[in-house]
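Residue-level structural notes
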There are 2 protein chains.
Amino acid sequence: MAGNQQHKLCMVPGPIEFHEDVLTALSTPSHSHVSPDFIPVFGECFGLLRKLLFTEKGQPFIVAGSGTLGWDMVASNLVEQGEDALVLNSGYFGDSFTACLKTYGAKVTQVHAEIGDRPTIESIHEALSQNTFKIVTITHVDTSTGVLSDIKAISELVHKKSPNTLVVVDGVCSVGCEEIRMDEWGLDVVMSASQKAIGVPPGLSILVASERAIDVFKNRKSPVTSYYASWHNWLPIMNAYEAKRPSYFATPPVQLIYGLHTSLKQLTATSLEARFEQHKTVSDMIKRTFDELGLKMLPKSLDMAAHGMTAAYYPEGIQGLDLLRKMSAHNIVAAGGLHKAIASKYFRIGHMGISVVESERQHIQQVLDALKASLHELGYKKA
Amino acid sequence: MAGNQQHKLCMVPGPIEFHEDVLTALSTPSHSHVSPDFIPVFGECFGLLRKLLFTEKGQPFIVAGSGTLGWDMVASNLVEQGEDALVLNSGYFGDSFTACLKTYGAKVTQVHAEIGDRPTIESIHEALSQNTFKIVTITHVDTSTGVLSDIKAISELVHKKSPNTLVVVDGVCSVGCEEIRMDEWGLDVVMSASQKAIGVPPGLSILVASERAIDVFKNRKSPVTSYYASWHNWLPIMNAYEAKRPSYFATPPVQLIYGLHTSLKQLTATSLEARFEQHKTVSDMIKRTFDELGLKMLPKSLDMAAHGMTAAYYPEGIQGLDLLRKMSAHNIVAAGGLHKAIASKYFRIGHMGISVVESERQHIQQVLDALKASLHELGYKKA
C-alpha cells in the first residue's frame, strides 16, 4: 500500500493531505479506459457525486483538467455571446471567473466586496433589479481570502427576484467540507476540483449541472465556442460510463478516477452532516486559537469565515517568509497570500478532509503547535 | 513501491503499461504545488521534454487535461477567426482536429486519404498551391488506423512551398516511440499526451511550440478565444516553474507531474535513437507475425505503418468481441476498432514503452502467444 511516510504535512488550502487508500488507488496498474474493470469504477462516481451534493438528477461531469476548467464549462456552455452574467466577487477567484466569462463573450457585471467581506444581500438585490442575468456566479469559499458566501440565501434571492437566472456555485474549496444541498437550495451548477475536500490529487475538474442548466445548454441558439470544454462532447461520454458502457471522446485520467472513486466512497460511507459539523468544530477551534494568539483573520466576522481554511495577517514585525520557513522546519507546509492586493501580508492554512475527520492523525494539533513554536522562535509576543 | 501485480496486461495503443517507478511516483504523498520540493521536479520536465524532441528552444506546455486539449491550444492560440488551416487527414483524429479547429473559427481544408492510407506528397503539394494556410496539421500516427505520416518530408514540402505556414504535428501516439526532430525538421508544434510512449498515466496534455509559433501567438491581432487553453495564462506559469519559481494560474496535477518527471528521466537516460530503433524492430517482428498468421493490417504498406501499434482486420468468420474476450482470458487487453466507418471490423494492439524496451518483461511474446492461442481456440485457420 502506498504510504504517507516521510513528507512535511501539506496543510495549505489544497492540495490537502490524501488518504493512503487514495494514494494506493493512484498507483493502480495500467487499465484501458474502456476495460470492464475500469468502466464500473468510473460509472459509480456519478451516483457518489450526486450523493455528496444532495441531488437526485444533477448531471456530473468528471474531466481531466484543473478546477479552472469548470469556469470554461460554465462560460462556454451556459452563456452565449453578449449575454449578461453577474459575478458576486469575494476575492481573487471572482476576478478570474470574470476574466473567463469575458473570454467567451459574456457581458459581466460584478458586485464587489472589500477584502475579507462578501457582497451583501442588499447589493445583490440591487444588482438583480438593474438587469436580467443569464447566470449569477458565487464563489462559495474564496480560497484567496477564506471568505464564505451564503449560497443558500443568495440562491433563494435569485430565484425570487429573477427566476430564469441560473445559480452557479464555484465550490472548489467547499465541496466535501461545507454543506451544499443542490436540489433543495436550487443550485444549477456546482463546480469543484479533486484536490481539496474531495481528497484526491489535483487533475480532475468536477462539475454537477442541474436538469435546468442542461436544458439551457441544449436550447442554445449559437454553437458552443470551446471544444475541450463543450458538453456536446462530454455529455454522451458521461451518460455512457454511468450506464456502464464504454465510450470515447478523450482518454479519461484512469488512475485519478480510481482515486476519486476511493475517496468518494469514503466520503459518503458515513453521515455527510457529521462531516460538515466536524469541519465546523475544528475550524472554530482553530479560529479561537488564532484569536488567542492575537492573529487577525481576513474574514471580517466568523459567520463569513470558511470552515476548511483559515487566512490571517502576519503579525507586525514578523516577516511572512520567515514564518512559513519556520513552520516548514517544523514539518508543516502552510501557504502564503494569494489575493494580489495583499499577497505578502498574510498566510493561509487548510483544514479539510482526513486532517479533520481522522483526528487520530493529529494534523490540526501539529499545525497549531508548529505555528505557536514558529511565532515564539521569531520573538513574537501578542500585542 | 507500487507494483504491477495482478492485472491483465494493458496492450492497447494507450494507456500503455507503466513502469513501477512511475506508479510509485503517482502515489507521492501530498505536496503543495508551490513547495520547494515540487518546483524543481516540475521545472526539470521542460528541459527533459526538449531533449526528447531534439529542440533547443521549443517551449513546452504541461497542463492538466487529455491529449485532446492540445488541439484546443493549437486552434485557439495559433489560428484567428476566418484564417485557413490545412488538415492532412489519415483517420479519426484528423476528423476530430478539424472539428476543434472549426469550433475556434478556422476555415478548414482537408486532404483526405482512404482508410489505411495517408495523403500523398502530391496531394499535399496540390493543396498548398491552392491557398495560403496559417497552419498545416499532420497526425503523426493515427491511433485509429495505425497509419504513420512522414512528417519530415511533409514539413520540408510545407517550408518550401509556403514558408510562413506553421507545421503542427499531433504526436499523441508517436512522441517517445517514433523519431521526431523538432528543430532539424522545422516542426512548429508537437503535441502529445502522457499515457502512450511517454509512459505516464493519462491526465497530462503535453505540447511543445517552436519560437516561431510563440511569435505568431504573441503577434495575434484578436484575443485568444479560450480561457483554459490560452497560452496567455499558461506561458508565464511554464516560464516560472522552469526558472524554479512558484507561480499560479491553476493547480498543476502534482502527482502526475512526479510521474512525468520519473518517466522522462528514464526515457532520456539512454540513447533515444536506440529507443526508436527498438520500437521499429519489435514492430517489424509483430507485423511479420501478423502476416504469417494471415491477418490483414489496416496500413496499406509497411512504410506507412506505425511502430508503436498494430491495427488489423479480424479474420473472416471470427467475431471481433470473441477474439478480444479470448485474449482477455489470456490476460491480454487489446483494443477494438475506433475508426467509425469500420469500427467493428478490426482490432488494435499497442507496443510502446517498457513493453518494448524492457524485453525481459516478455510483454510482446505474451501478446502474440495470446493472439495465437485465441485464434486457435476460435477455430481459425489461415486461409
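Here's what I pulled together on the structure shown here. (Residues numbered from 1 in each chain as written. Chains lettered and ligands numbered in written order. Predicted model: local features only at pLDDT ≥ 70, side-chain atom pairs only at ≥ 80, totals over all residues. Heavy atoms only, no water.)

Moving on: the overall build of chain A. For chain A, the helix and strand inventory stands at 14 helices and 14 strands. The C-alpha radius of gyration computed for chain A amounts to 21 Å, which stays within 12% of the reference 21 Å derived for 383 residues, consistent with globular compactness. The dimensions of chain A, computed from C-alpha atoms along their principal axes, are 65 × 55 × 35 Å. Relative to its 383 residues, chain A shows a buried fraction of 66%. Counting only carbon and sulfur atoms, one obtains 49% of the accessible surface of chain A, whose full area is about 13700 Å². One way to put it: in chain A the 35 positive side-chain charges average out to a point 3 Å from where the 39 negative ones average out. (Helix = DSSP H or I, 4+ residues; strand = E, 2+ residues; numbered from the N terminus. Rg over C-alpha atoms; globule rule 2.2 N^0.38 Å. Buried < 20%, exposed > 50% of the residue type's maximum accessible area, 1.4 Å probe, protein only. Areas by Shrake-Rupley, 256 points an atom, 1.4 Å probe, with all protein chains shown as cover. Lys, Arg positive; Asp, Glu negative; His and termini not counted. Charge placed at Lys NZ, Arg CZ, Asp CG, Glu CD.)

A few words on the interface of chain A and chain B. Listed by partner, the interface residues are 56 residues for chain A and 56 residues for chain B. Interface area for chain A against chain B, summed over the two sides, is near 3900 Å², with a carbon-plus-sulfur share of 66%. It is S30, Y227 and Y228 of chain A that lose the most area in chain A upon contact with chain B, and together they represent 18% of the buried surface on that side. Run the count over chain A and chain B and you get zero salt bridges. At the junction of chain A and chain B, the tally comes to 16 residue pairs in polar contact (both at pLDDT 80 or more). Broken down by secondary-structure element, the contributors of at least two residues to the side of chain A that touches chain B are α1 (20-26), α3 (68-78), α4 (92-103) and α10 (254-269) of chain A. Ranked by residue count, the leading element in the side of chain A that touches chain B is α4 of chain A, at six residues. Its residues placed into classes, the side of chain A that touches chain B shows 31 nonpolar, 22 polar and three charged. (Contact = heavy atoms within 4.5 Å. Buried area = accessible area lost by both parts, 1.4 Å probe. Salt bridge = Lys/Arg side-chain N within 4 Å of Asp/Glu carboxyl O. Polar contact = N/O pair within 3.5 Å; in protein donor to acceptor, adjacent residues only side chain to side chain. Nonpolar A, V, L, I, M, F, W, Y, C, P; charged D, E, K, R; others polar.)

Right, let's talk about the relation of the copies chain A and chain B for a bit. Copy one and copy two of the chain differ by a rotation about a common axis and a shift along it. If you rotate chain A by 180° and push it 0.0 Å along the axis, it lands on chain B with an RMSD of 0.0 Å. Seen this way, the second copy is the image of the first under a two-fold rotation axis. Rotation axis and chain A: the residue whose C-alpha lies nearest the axis is G65 of chain A, separated from it by 2.2 Å. The share of interface residues of chain A whose copies in chain B are also at the interface is 100%, consistent with both copies meeting through the same surface. (Least-squares fit on C-alpha atoms with pLDDT ≥ 70 in both.)

The next thing to look at is unusual backbone geometry. P15 of chain A follows G14 of chain A through a cis peptide bond whose omega is 0°. Along the polypeptide, P15 of chain A turns up in the loop between β1 (9-10) and α1. Unusually for a residue other than glycine, N331 of chain B sits at a positive phi of about 70°. Note that N331 of chain B resides in the loop between α12 (320-329) and β12 (332-333).

What follows deals with the layout of surface pockets. As a volume, the second largest pocket reaches approximately 870 Å³. Lining of the second largest pocket is provided by 37 residues; of these, L324, A334, A335 and G336 of chain A together with V34 of chain B occupy positions nearest its centre. The element best represented in the lining of the second largest pocket is helix α12 (residues 320-329) of chain A, accounting for five residues. Considering only residue class, the lining of the second largest pocket consists of 18 nonpolar, 14 polar and five charged. (1 Å grid on protein atoms, 1.4 Å probe; cavity = no way out; pocket = protein on both sides within 12 Å on 5 of 7 lines; lining within 4 Å. Points joined across faces, edges and corners; volume = space filled by probe spheres on them.)

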